[in-house]
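A closer look at the structure
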Amino acid sequence: MDKVDVRFPQQSKPAANLPKNAQERAVALVELMGRLTALLEREAAAVRARRPAKELAQIVRDKQPMTLVYEEISRLLRVDREGLIGLAPEMKTALKDATARLYAATADNAEALRIGGEAQKVMVDTVVTVITRQQKAPATAYAAHMGGGRGYSPPPSGPRTSAALNTRL
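To keep things clear, this report deals only with the structure shown in the data block. This is a predicted model, so every value here is computed, not measured. (Residues numbered from 1 in each chain as written. Predicted model: local features only at pLDDT ≥ 70, side-chain atom pairs only at ≥ 80, totals over all residues. Heavy atoms only, no water.)

**Topic: the side chain of N109**
Inspection of the secondary structure puts N109 in helix α4 (residues 89-136). Looking at N109, its side chain comes within polar contact range of the side chain of E43, at 2.8 Å. (Helix = DSSP H or I, 4+ residues; strand = E, 2+ residues; numbered from the N terminus. Polar contact = N/O pair within 3.5 Å; in protein donor to acceptor, adjacent residues only side chain to side chain.)

**Concerning α4**
Think of an α-helix as turning once every 3.6 residues; residues three or four places apart then point the same way. Taking 1.5 Å of rise per residue, the 48 residues of α4 would be expected to cover 70 Å, and the 70 Å separating its terminal C-alpha atoms lies within 8% of that figure. Within the sequence span of α4, burial applies to M91, L95, A98, L102, A105, N109, A112 and V124. Its buried side turned inward, α4 meets α1 (22-48) and α2 (53-79). (Expected span 1.5 Å × (residues − 1). Buried < 20%, exposed > 50% of the residue type's maximum accessible area, 1.4 Å probe, protein only. Contact = heavy atoms within 4.5 Å.)

**Considerations on the pattern of salt bridges**
Scanning all chains against the criterion turns up nine salt bridges. The residue R114 makes a salt bridge to E111 at a minimum N-O spacing of 2.5 Å. Of this pair, R114 and E111 both sit in helix α4, separated by three residues, roughly a single helical turn. Look at E111 and you get partly exposed, because its relative accessible area is 32%. In this structure, R114 and E118 form a salt bridge, with 2.6 Å as the shortest nitrogen-oxygen distance. Of the two residues, R114 and E118 are both situated in helix α4; the distance of four residues between them amounts to about one turn of the helix. A relative accessible area of 43% means that E118 is categorised as partly exposed. (Salt bridge = Lys/Arg side-chain N within 4 Å of Asp/Glu carboxyl O.)

**A word on the nonpolar core**
Within the largest apolar cluster, 20 residues are counted, with the highest numbers of intra-cluster contacts made by L29, M33, Y70 and L95. For this core, the element with the most residues is α1, which contributes nine residues. Here L95 is in contact with A26, L29, V30, M33, L77 and L87, once residues within four sequence places are set aside. (Core = buried A, V, L, I, M, F, W, Y, C linked by side-chain atoms within 4.5 Å.)

**Some words on the layout of surface pockets**
One number sums up the size of the largest pocket: a volume of about 390 Å³. Along its surface, the largest pocket is lined by 14 residues, and V47, R50, G116, G117 and A119 are the ones closest to its centre. Sorting the residues of the lining of the largest pocket by element identifies α1 and α4 as the ones contributing at least two each. Take the lining of the largest pocket: its biggest share by element is eight residues, from α4. The volume enclosed by the second largest pocket comes to roughly 270 Å³. Lining the second largest pocket, in full, are L29, M33, Y70, S74, L77, R78, L84, K92, L95, K96, T99 and Y103. It is α4 that contributes the most residues to the lining of the second largest pocket, five residues altogether. Looking at side-chain class alone, the lining of the second largest pocket contains seven nonpolar, two polar and three charged residues. (1 Å grid on protein atoms, 1.4 Å probe; cavity = no way out; pocket = protein on both sides within 12 Å on 5 of 7 lines; lining within 4 Å. Points joined across faces, edges and corners; volume = space filled by probe spheres on them. Nonpolar A, V, L, I, M, F, W, Y, C, P; charged D, E, K, R; others polar.)

In structure tokens, the structure reads:
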């Protein structure tokens, strides 16, 4: 038996406002796939345009709940075999078209994110290489080519040794 704290009554959570039958689910799914497709296209365009991380993070925050609702509604529609069979041919065509557009947008989005990630990795690797090279460069006051024979190298300190870079993407 579950324990209930009667001192602090909790309000009951509202039931999920999901469509009740196959027709409503199909209409909601087509509309949701259209919105999700537009969001994925906007994200791909933002990645290609190298928009700020804050803007991309907002798109991701918008995308997550839409994806969860999409998964739930599509699951409910798939398990309702009789309702799915009973859909009008126009609705079935609309579902197929929306699905094709969503898959195309997903593939384009994945490619844009992959290319953006690779470009970012190249940039980070370049910066790391330059910083590493600068840290290893001799800082001598007297070098052998200046005619002094032995070179003088002060102990490492200052901005050359304090350079650090987070290489995680």
